[in-house]
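Listed below are the residues making up each chain.
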Amino acid sequence: MSEEQRPQASGMPPVPPGAAPQQAQPGQQSQQPAPGSYPDQAFYGQSVPNQQGFQGQPPSGAQPGQQPMPYPYPGQPQPVPGGYPDQNAWQQPMQQPMQQPMPDPSQPIRHKVHHSYIWLGSLQVAGMLVLVALFSGFSSIVGAFAEGETIGRGDGPLLLIIGIVIVVGIIVLVGITALFQTLSYKHLYYELGPDEFNLYSGIFNKKRVHVPYQRIQSVNQKATIVQRLAGVCTVNIDTAGGSANKAITIPYLQNSEAERLRTELFARKQAILSGASGAAAAAQAQVVAAAGQPGAVYPAGHPQAGNVLDMPAEIFTDVRGVFGGAAVETGRVSYEYGMSNKELIFTGLSNNTGFILIVLAAIGSVAGLAEQILSTAIGRMIVDGGVNFVMRSFAGNTIWAITGIVVAVFVVVWFFSIIGTCISYGGFKARRRDSRIEVERGLLQHQFHGVDIDRVQSVIIKQSFIRRLLGYCELSLGKIDAMSESEQDQQKNLNPQGLVIHPFVKMNRAPEILAGLVPEFADVPTENRPVAKVALRRAIIRRGILQGNGFWLAIVVAITQFFANLFVAPTNADAVNILFFVNTGAIVLYVLCVLLLVLDIVGAVLWYRGSGFAYNQRFMQISNGGFSRESVSFPRKKIQYGFTKTNPFQRNARVATINARTAAGIGGTTLRLLDVTEQDANTWLDWVKPGGSMVQ
């Protein structure tokens, strides 16, 4: 723009160079900038932000609420007091900030897994081969000693050749594994499309797994100790398909990449569920904020904020491994809590089944080696010496010696199970982040579970016998579970159903945790409808006789004693001794049967007093008591179907069994309550059917 053309462009007459600006006519708004103010924004165009902020009054041409143009900024002409900016400045071009082209969200970008997939997978195979070779070699040496063979100098060359062959074989197998891992790595990647997540894999047989964003159930992470040191993890994406749909596994993702993927998946899912689709959902996806009021995050030093194992777990998290990368902000945390030292110890005392199974598996794996060792002369000498020591310690009493050994073994296994459980729950944290519930734990092997609130099917409060005595409970969330390929055979037997949000917590803290973590379940019903009065009599008959351990054990003992006295005639001393032991043992077992029968009857009474159900406009709750007690609360909209069931005895007593089917667990879960009154059962059935009546 030339110097004469500039004033016309702004609606003003031309001003000769060096002349004073023209004075405004009466009634005409002056175009000159007032002292301490800015020129009209239309004169300079779009405003540009400035770090120094705004000084002076806003310009006359600014609209109400419009941000005034900061002044000056690089490349902008400087003002002249009482006049226009220096005219020489208009000869310099305006400097505009460079804008990077924005990526098109509709075009998916290919993402590769971390390169540790190659070498870490190969090292894992190498370690397994080395252990197998060492175990095989040691077993062969022990077997040779067991057969009386000796190893001399003449066997040195043979052993050297065998060792070289083993080392070369391991190197070749590791090389083949590394080649396979490399080829797999080149064909393993994932893409975030406009409407779905896609995972590609396969060298010869190509495989593509696509998951619509709205079908994502949860995004979980798991990392072994070696993966944690490397800063990578395995990500499992569960879909709303139950056991018929396996979890999608993405191995060896960088920690920062896994966090970014988790956030992006939930963001796109929420965007699609909110009404957007395709590229619009990918461009505008944002995580939905959590419903209800934000809860509290316990400060450091609070007894519920953590335990002694949280510090090493936080060090692991802060270091993030060699290739972990910087942490990614995944959303707003509105509520978070940990486990106290007392809760951690109680969890270790009450959760030891998994570790016992591991110990039993380890014992079974070394049974063959132990047999070979004990068959040698050295092994027999060790055994004889140990037996003599034990017998001397228990004054020659074999029964007490065996009892002491069994007790010692169980104490050692129990101690190690406590340590293993505490380590597995080290660094436990549960939080509400936007619309997601996240639970992470594990000092060595780290586990992270995150599920969206719309996939939570129920809230479960469990109390075992020990927990009921101490006033504690286990809190968990029922959700639709999917299985990965490695968990297909053991998920139903070993893994707990649902997502445990606290394994051992005081009952009086449960409402606070549920209100902060799942405020959507805040209005669950509290007025319980008990089972029918006749249910007590039916429970005693059912638990004490039909399902009673003491009753049926007494039947077996009586039959055995009867036939023993019938066929064994007391004709000699040996027969008399046999009958004496049989009858004496029967008396002891009868006492045991009475104790078991009393326990069954007490359990029936506790079931009658602690069982019932309740429902309101939005939720239903079913409680089943006994020595242990479980209460399950679930939304009405999560019930797939409900039905009542009766047998001839129930119809005679005018009671029924109610059944509610939800999608929680593997393949679904049916919640039932026995012996409610017919009137309550019919009213509930009318409530649960589509369009049924609502109870205020």
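Read on for an overview of the structure. Being a predicted model, the structure only gives us computed values, none of them experimental. (Residues numbered from 1 in each chain as written. Predicted model: local features only at pLDDT ≥ 70, side-chain atom pairs only at ≥ 80, totals over all residues. Heavy atoms only, no water.)

1. A closer look at the overall build of the protein
Alright, step 1. Check the secondary structure of the protein and you find 21 helices and 21 strands.
Alright, step 2. A separation threshold of at least 6 residues defines the contact pool for the protein, and within that pool the share at least 24 residues apart is 63%.
Alright, step 3. Roughly 39400 Å² of accessible area belongs to the protein as shown, and the carbon and sulfur atoms make up 63% of that amount. (Helix = DSSP H or I, 4+ residues; strand = E, 2+ residues; numbered from the N terminus. Contact = heavy atoms within 4.5 Å. Areas by Shrake-Rupley, 256 points an atom, 1.4 Å probe, with all protein chains shown as cover.)

2. Notes on the sheet that holds strand β19 (residues 641-645)
Alright, step 1. Spatial strand order, β19-β20-β21: three strands in an open sheet with antiparallel pairing. Bordering the open sheet on either side are β19 and β21 (669-677), each of which pairs with just one other strand. The sheet shows a mean angle of 20° between the axes of neighbouring strands, direction not considered.
Alright, step 2. Taken together, the five bridges between β19 and strand β20 (residues 655-662) define a ladder with antiparallel strand orientation. Looking at the pairing, Y641 lines up with R661 of β20.
Alright, step 3. Running at roughly 160° to β19, helix α21 (residues 678-688) makes contact with β19, β20 and β21 of the sheet. (Pairing = 2+ DSSP bridges. Axes fitted to C-alpha atoms, helices over the stretch in contact; angles between N-to-C directions.)

3. Overview of unusual backbone geometry
When glycine is set aside, most residues are seen to have a negative phi, and most peptide bonds are trans.
Alright, step 1. Positive phi values are uncommon outside glycine, yet R320 reaches one of about 65°.
Alright, step 2. Note on placement: R320 falls in the loop between α8 (310-319) and β8 (333-337).
Alright, step 3. R320 gets classed as buried once you look at its relative accessible area, which sits at 12%. (Buried < 20%, exposed > 50% of the residue type's maximum accessible area, 1.4 Å probe, protein only.)

4. Side note on the packing of aromatic side chains
Geometrically, a pair of aromatic rings is defined through the distance of the ring centres and the angle of the planes.
Alright, step 1. This structure, assessed with the given rule, holds 19 aromatic pairs.
Alright, step 2. Judged by centre distance (5.2 Å) and plane angle (50°), the rings of F521 and F619 are tilted. Separated by 98 residues along the polypeptide, F521 in the loop between α16 (510-517) and β15 (529-530) and F619 in strand β17 (residues 619-624) bring together distant segments of the chain.
Alright, step 3. Take F521: its relative accessible area is 9%, and that puts it in the buried class.
Alright, step 4. On the basis of relative accessible area, F619 is assigned to the buried category, the value being 1%.
Alright, step 5. Look at F613 and Y615: their rings are 5.9 Å apart centre to centre, the planes differ by 20°, and that puts the pair in the stacked class. (Phe/Tyr/Trp six-rings, centres within 6.5 Å; stacked < 30°, edge-to-face > 60°.)

5. What to know about the nonpolar core
Alright, step 1. Residues Y337, I437, I501 and V518 are the most contacted members of the largest nonpolar core, which totals 31 residues.
Alright, step 2. If you list the elements that add at least two residues to this core, you get β8, α13 (398-424), β10 (436-441), β12 (456-463), β13 (472-479), β14 (499-506) and α16.
Alright, step 3. Considering each element in turn, this core owes the most residues, four residues, to α16. (Core = buried A, V, L, I, M, F, W, Y, C linked by side-chain atoms within 4.5 Å.)

6. Describing the environment of Y335
Alright, step 1. Among the secondary structure elements, Y335 is positioned in strand β8.
Alright, step 2. You can call Y335 buried: its relative accessible area is 3%.
Alright, step 3. In the structure, Y335 is positioned 102 residues away from I437 in sequence and 9.7 Å away in space, judged by C-alpha atoms.

7. Some remarks on the environment of L546
Alright, step 1. Secondary-structure assignment places L546 in helix α17 (residues 534-546).
Alright, step 2. The exposed category is assigned to L546, whose relative accessible area is 58%.
Alright, step 3. Excluding its chain neighbours within four sequence positions, the residues that come into contact with L546 are I541 and W552.

Keep in mind these numbers describe shape, not what the thing actually does.
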